[in-house]
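# Structural characterization, general
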Amino acid sequence: MTDDVTNEFQEQVTALIATTIEESTGRAVELAADTALIDEGYLDSLTVLQIFMKLHEVFGVELDMEDLTEDAFGTPAAIANLVRAHGGQQP
Amino acid sequence: MRSTANTRRRVSVLDEVRTWARQTPNAIAVESEREAFSFAELIDRADAFSEWLPERAVVATVLESGPRLTAASLGTFACGAVLLPLPLKSATSELEAVFRYLLPDVIVAKPEHAGPARAALERVAKDAAAAVLWVDPNDPEHNDPEQTDTEHSAPEQTDTTQTDSSSANFIPWTGPRNRAPAIDAPCLPPGVAVAQLTSGSTGIPKIILLHQDAVHAALQQSRPFTKRFTGRAVFSPMPQFHAMGGAIVLEHLTAGSSVLVTNRFLPGHDGTRIQQSECALLAASPEYIRILLKLGMWKKNPLPKLTDLVLGSAATDRALIEHVRQAAPNLSIHIRYGLSEAYGALTRLEIPPNAAVPPRGLVGAPLPGVELAGVELAGAESAGAELAGVGEEIRVRTDAAALGWVAEPNRVARLVDEEGFLATGDLGFRDAAGLHIQGRRSQFIKRLGHRIEPGEIEHVLLADPAVDAAVVVGVADPLAGANIVAVVEGSAANRDLVARCREHLAPHKVPQQVVNMTIPRTQSGKPNRAAVQETMARRPKTKATKDD
């Protein structure tokens, strides 16, 4: 987690991801900041798209497809950093 | 008349790849996000696997898409064994359903992925002899079984003559091969190269049997297309255990291309790989491309070396093609039509960058060696045929057709009729432009005496840019026979979708309900129509429409 990403911000991003996974797959999940979302099979293509859109709605960020790498999208902490790096604001 | 596939000299798929290994030994043959094998390395590994493998053994692979699965496939083909590609994430119960019809002799899997297959074997046949092995990439002999099921894989006889220092960890045995539980004799016809799983109408996977000649015929039929990419790289995100994903790898590998595959949805990473390897072709499902477009594919990275996009296996979707055109105007788009019941592609349609977008459902001309029946050449009257409604069931005759399917543990049922034609289950018609697909025969919804094709309604729904996916099913109704229920994913308001259907469809085709929810998928990522049907049949009507 970078210095810019507060615990509260991190928790909001993590909650958004968990909710989206649950809505998309019907699978209730408990995520930690360092949960390996890709390797542990949480993210299929449709869920990734939905997280992308919700991050835009909630935090106002315009992510690029190029951001969808393991480093930038592999854990909730990485996604929170990504959102912050793109100027995402807490709702 | 059928061609002479059965009489011509048979060339192993491995030998076809070997010719490229001689010309370009160090070129990448297959690359996943984790590892890559050169042509020389791929051949070495396939040869080693083939040497160890007993003829006619059933080789179940539980592997990620990539070089290792490719080497195992080529080695299996080369020695006359049978490849049974299984999805990596199969549940024990799913594998149990398969193993009740066909027991593997060998399971190739990483130790951490072998559990469900071993558990399924345990449930099906306590005495099943199956070696579970893992091909270690760091081992120069690349054939160490990480673990062998000592309880269930004990060889019935050990042929020590096959054991040498390089394969000492293997257990060669000469017990029953190629069998079903409790049947001590081969249950598959000779010459079967692939036992391909496909979703059956009953929800139980169907095992389709493809003869080695069918594989060769299909690779030859596609060669005029695939040789355009010789020496260049192609990218396929399709799962390699899947019929189309597996065929695409072999089609391009045997044409001398480098084939890049992926196992995870990380399009940013994929885009970098496509760019760095200068991939000329991307072969994917329409659903995959639709999602990439929503994520902004081609916006920041125009991928100038990518010249061709193959969409398969689906009929022309005009809205998608127009969307691709806007994002990447210089791409040639190819529609590829095929079936699990025949290896590879049956038709192809090329849409060059500046050509008009073809009509909905067109899949192009049959490949050389593919004959059509059940669809008359409509010529200039094709528009009338399309307007007249749903066409006839398409039947194909091709050397790439499957031998049959495993209907019972010791019975293989033919899939072709006495004249050699395979009923595709697809409805359509043919005109000068090629074959047009209008829907599936078995998916009709019968409502108030009308036969309604779900695909037609789905097409209207998918034309709304706010709809990501749509499946239309019929739910039994005591008065009308069935109600039409449209299940959609996306941000479109249900009332807007009903209005769209009212605008574009006859009144009897407008859905009674629109439900916005996540559509269940098959393991290959396709919408699972049977699961949608079941969910909707159980769903209380009061909850049916999100916007109600």
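Residues numbered from 1 in each chain as written. Chains lettered and ligands numbered in written order. Predicted model: local features only at pLDDT ≥ 70, side-chain atom pairs only at ≥ 80, totals over all residues. Heavy atoms only, no water.

### Considering the overall build of chain A
The helix and strand tally for chain A stands at 4 helices and 0 strands. Each of the 91 residues in chain A was classed as buried or not, and the buried ones make up 47%. Of the contacts formed within chain A by residues at least 6 apart in sequence, a portion of 58% connects residues at least 24 apart. For chain A, the computed accessible surface area is about 4,200 Å², with 45% contributed by carbon and sulfur atoms. (Helix = DSSP H or I, 4+ residues; strand = E, 2+ residues; numbered from the N terminus. Buried < 20%, exposed > 50% of the residue type's maximum accessible area, 1.4 Å probe, protein only. Contact = heavy atoms within 4.5 Å. Areas by Shrake-Rupley, 256 points an atom, 1.4 Å probe, with all protein chains shown as cover.)

### Examining the pairing of strand β13 (residues 332-338) of chain B
All names here are of chain B. Extensive coverage of β13 is indicated by the burial of 7 of its 7 residues. Here 5 bridges tie strand β12 (residues 308-312) to β13, and the two strands are oriented parallel to one another. Across the sheet, the residue bridging to Leu-309 is Ile-333, located in β13. With helix α10 (residues 318-327) bridging β12 and its parallel neighbour β13, the resulting β-α-β unit is right-handed. Where β13 lies against strand β14 (residues 345-351), 6 bridges are found, and the strand directions are antiparallel. (Pairing = 2+ DSSP bridges. Right-handed = clockwise from strand over helix to strand, strands pointing away.)

### Things to note about the sheet that holds strand β26 (residues 513-516) of chain B
Backbone-to-backbone hydrogen bonds pair the strands of a sheet. The strands run either parallel or antiparallel. Residue and element names in this part refer to chain B. Overall, mixed pairing links the 3 strands, which are arranged β24-β25-β26 in an open sheet. Because the sheet does not close on itself, it has two edges, and the strands there are β24 (467-477) and β26. When strand polarity is set aside, the average angle formed by the axes of neighbouring strands in this sheet is 25°. Here 10 bridges tie β24 to strand β25 (residues 481-490), and the two strands are oriented antiparallel to one another. (Axes fitted to C-alpha atoms, helices over the stretch in contact; angles between N-to-C directions.)

### So, the packing of helix α6 (residues 212-226) of chain B against helix α7 (residues 243-253) of chain B
Residue and element names in this part refer to chain B. Two numbers describe how α6 lies on α7: the axes approach to 9 Å, and their chain directions differ by 65°. The crossing of α6 and α7 is right-handed. Here α6 contributes Leu-219, Ser-222, Phe-225 and Thr-226 to the contact with α7, which in turn contributes Leu-250, Glu-251 and His-252. Partitioning the contact of α6 with α7 into residue classes produces 3 nonpolar, 3 polar and 1 charged. (Left-handed = near helix turned anticlockwise from the far one by under 90°. Nonpolar A, V, L, I, M, F, W, Y, C, P; charged D, E, K, R; others polar.)

### What to know about the interface of chain B and chain A
Taken together, the contact between chain B and chain A spans 18 residues of the former and 15 residues of the latter. Both faces combined, the contact of chain B with chain A buries some 1,700 Å², and carbon together with sulfur accounts for 67% of it. Among the residues chain B hides against chain A, the three largest losses belong to Phe265(B), Leu266(B) and Leu295(B). Together they make up 31% of the total. Our count for the chain B to chain A interface comes out at 3 salt bridges. Close ionic contact of Asp39(A) with Arg264(B) constitutes a salt bridge, the shortest N to O distance being 3.0 Å. One can count 6 residue pairs in polar contact (both at pLDDT 80 or more) joining chain B with chain A. At the level of secondary structure, the elements contributing two or more residues to the side of chain B that touches chain A comprise α8 (267-276) and α9 (286-294) of chain B. (Buried area = accessible area lost by both parts, 1.4 Å probe. Salt bridge = Lys/Arg side-chain N within 4 Å of Asp/Glu carboxyl O. Polar contact = N/O pair within 3.5 Å; in protein donor to acceptor, adjacent residues only side chain to side chain.)

### Considering α8(B)
Where α8(B) is concerned, the buried positions are Pro267(B), Gly268(B), Asp270(B), Gly271(B), Arg273(B) and Ile274(B). Positive phi shows up at Glu278(B), right after α8(B), with a value of about 50°.

### Some details on empty space enclosed by the protein
Residues and elements named next belong to chain B. All told, the structure shown has 4 cavities of 30 Å³ or more when counted by the stated rule. Counted as a void, the largest cavity has a volume near 130 Å³. Surrounding the largest cavity, 14 residues form its lining, Ser-73, Leu-83, Gln-240, Gly-246 and Tyr-343 being those nearest its centre. At the level of secondary structure, the elements contributing two or more residues to the lining of the largest cavity comprise α3 (67-78), β4 (82-85), β7 (192-198) and α7. Its residues assigned to classes, the lining of the largest cavity comprises 9 nonpolar, 5 polar and no charged. (1 Å grid on protein atoms, 1.4 Å probe; cavity = no way out; pocket = protein on both sides within 12 Å on 5 of 7 lines; lining within 4 Å. Points joined across faces, edges and corners; volume = space filled by probe spheres on them.)

### So, the side chain of Asn516(B)
As for its position among the elements, Asn516(B) is in strand β26. A distance of 3.0 Å separates the side chain of Asn516(B) from the backbone oxygen of Gly490(B), its partner in a polar contact.

### What about the side chain of Thr347(B)?
Residue and element names in this part refer to chain B. For Thr-347, the position within the fold is in strand β14. Among the residues examined, Thr-347 registers a relative accessible area of 1% and is labelled buried. Within polar-contact distance, the side chain of Thr-347 engages the backbone oxygen of Val-363 at 2.8 Å. In this structure, Thr-347 is in contact with Ile-335, Arg-336, Tyr-337, Val-363, Gly-364, Ala-365, Pro-366, Leu-367 and Leu-435, ignoring residues within four places of it in sequence.

### Some details on unusual backbone geometry
Peptide bonds are mostly trans, and most non-glycine residues show a negative phi. All names here are of chain B. The phi dihedral of Trp-298 falls on the positive side, at around 75°, and the residue is not glycine. Structurally, Trp-298 is set in the loop between α9 and β12. The phi dihedral of Leu-303 falls on the positive side, at around 45°, and the residue is not glycine. As for its placement among the helices and strands, Leu-303 is situated in the loop between α9 and β12.

### Observations concerning the pattern of salt bridges
All names here are of chain B. Applying the stated criterion across every chain yields a total of 28 salt bridges over all chains. Taking the shortest distance from any N to any O, the salt bridge between Arg-273 and Glu-31 comes out at 2.9 Å. Of this pair, Arg-273 sits in helix α8 while Glu-31 sits in strand β1 (residues 28-31), placing them 242 residues apart in sequence. Look at Arg-273 and you get buried, because its relative accessible area is 6%. According to the relative accessible area criterion, Glu-31 is buried, its value standing at 17%.

### Some points on the packing of helix α12 (residues 454-462) of chain B against helix α13 (residues 494-504) of chain B
All names here are of chain B. It is at 9 Å that the axes of α12 and α13 come closest, and there the two elements cross at 120°. The orientation of α12 relative to α13 falls into the category oblique. Our pair here, α12 against α13, has a crossing hand that is right-handed. Each of Ile-457, Val-460 and Leu-461 in α12 lies in contact with α13, whose residues at this interface are Leu-497, Arg-500, Cys-501 and His-504. Taken together, the residues that form the contact of α12 with α13 break down as 5 nonpolar, 1 polar and 1 charged. (Parallel < 35°, antiparallel > 145°, perpendicular 65-115°, else oblique.)

### A short note on the confidence of the model for chain A
Residues shown with low pLDDT carry predicted positions that ought not to be read at fine detail. The share of residues in chain A with pLDDT of 70 or more is 90%, and the mean pLDDT across the chain is 86. The least confident element of chain A, judged by mean pLDDT, is helix α1 (residues 7-25) of chain A at 87; the most confident is helix α4 (residues 76-85) of chain A at 94. (pLDDT = per-residue confidence, 0-100.)

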